[in-house]
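Inside the fold
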Amino acid sequence: MKELDKKYVFHIPLCKYVNNDLIPIAIENIIDELIKQLNENGYDSLYMTKVKGYYKSRCFDEILITLFVSTGFLKNNNSPEAIFKKWFKANNNILEQEAYAYECNNKMNIEEI
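Residues numbered from 1 in each chain as written. Predicted model: local features only at pLDDT ≥ 70, side-chain atom pairs only at ≥ 80, totals over all residues. Heavy atoms only, no water.

The next point concerns the packing of aromatic side chains. Under the criterion given, the structure shown has 11 aromatic pairs. With a centroid separation of 6.0 Å and 75° between ring planes, the pair formed by phenylalanine 84 and tyrosine 100 is classed as edge-to-face. Residue phenylalanine 84 is located in helix α3 (residues 80–90), and its partner tyrosine 100 is located in strand β6 (residues 99–104); the two are separated by 16 residues in the primary sequence. Assigned by exposure class, phenylalanine 84 and tyrosine 100 land together as buried. The ring of tyrosine 17 carries arginine 58 above its face, with NZ or CZ at 3.7 Å from the centroid. (Phe/Tyr/Trp six-rings, centres within 6.5 Å; stacked < 30°, edge-to-face > 60°. Helix = DSSP H or I, 4+ residues; strand = E, 2+ residues; numbered from the N terminus. Buried < 20%, exposed > 50% of the residue type's maximum accessible area, 1.4 Å probe, protein only. Lys NZ or Arg CZ within 6 Å of the ring centre and 35° of its normal.)

Take the sheet that holds strand β4 (residues 46–55) next. Within the open sheet, the five strands sit side by side as β4-β5-β1-β6-β7. Their pairing is antiparallel. Edge positions in the sheet fall to β4 and β7 (107–112), since each has one partner strand and no second. If you compare each strand with its neighbour and ignore which way they point, the axes differ by 25° on average. Strand direction decides the pairing type here: β4 and strand β5 (residues 58–69), joined by 10 bridges, are antiparallel. (Pairing = 2+ DSSP bridges. Axes fitted to C-alpha atoms, helices over the stretch in contact; angles between N-to-C directions.)

A separate point is unusual backbone geometry. Non-glycine residue asparagine 19 carries a positive phi angle of around 50°. With respect to the element layout, asparagine 19 can be found in the loop between β2 (15–18) and β3 (21–24). When its relative accessible area of 71% is taken as the criterion, asparagine 19 is described as exposed. One non-glycine residue with positive phi stands out, namely glutamate 96, at about 50°. With respect to the helices and strands, glutamate 96 occurs in the loop between α4 (92–95) and β6. A relative accessible area of 39% places glutamate 96 in the partly exposed class.

Where β2 and β3 come together, four bridges link them in antiparallel fashion. The residue bridging lysine 16 from the neighbouring strand is isoleucine 23, located in β3. Between β2 and β3, which pair antiparallel in sequence order, lie two residues; one of them, asparagine 19, sits at a positive phi of approximately 50°.

Now for the pattern of salt bridges. Under the counting rule described, the total for this entry stands at five salt bridges. Glutamate 40 is paired through a salt bridge with lysine 36; the nearest N and O atoms lie 4.0 Å apart. With a gap of four residues between them, glutamate 40 and lysine 36 both fall in helix α1 (residues 28–40), about one helical turn apart. Here the two residues glutamate 40 and lysine 36 agree in accessibility, since each one is exposed. (Salt bridge = Lys/Arg side-chain N within 4 Å of Asp/Glu carboxyl O.)

On the secondary structure map, asparagine 39 appears in helix α1. Taking relative accessible area as the criterion, asparagine 39 reaches 36% and is therefore assigned partly exposed. At 2.8 Å, the side chain of asparagine 39 and the backbone oxygen of isoleucine 35 are in polar contact. (Polar contact = N/O pair within 3.5 Å; in protein donor to acceptor, adjacent residues only side chain to side chain.)

Here strand β1 (residues 6–13) lies mainly inside the structure; six of its eight residues are buried. Both β1 and β6 contribute to a ladder of four bridges, which runs antiparallel. Its bridge partner lying in β6, phenylalanine 10 is registered against tyrosine 102.

Structure follows, in C-alpha cells:
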C-alpha cells in the first residue's frame, strides 16, 4: 500500500480586479506550464476543480489544483509549494494579484506579492 500523507491545494484565480471590475484572465497556457513543472518533478497525479471564490466581497471563479504526495518523496525533490510559489510570482504579470493562496495539510497560507 502506498500512503500519500501530504495534501496541497493551489488556488488559481480566473479573474483579476482592475478599476473596480473583474476581468477574465487568459489562463490556459500558464496552467499548462504549472502542470508541466509539477510533472517534471515527479508530481504526476492531480485534480483540478473549478469553484466560486469570495474575497473582499467579490465573487469570482477560480481553479483549485489538489495534489497528494508522500512526505518521503518531498525530501528528494522540489516541493509542490515551492514550484507553485515560483510559478505564481513569474506569472503575476498576467494574473495581476495582490496575494496568492495555497493549502498544505488543511492549513491555508496567503502570501502577499
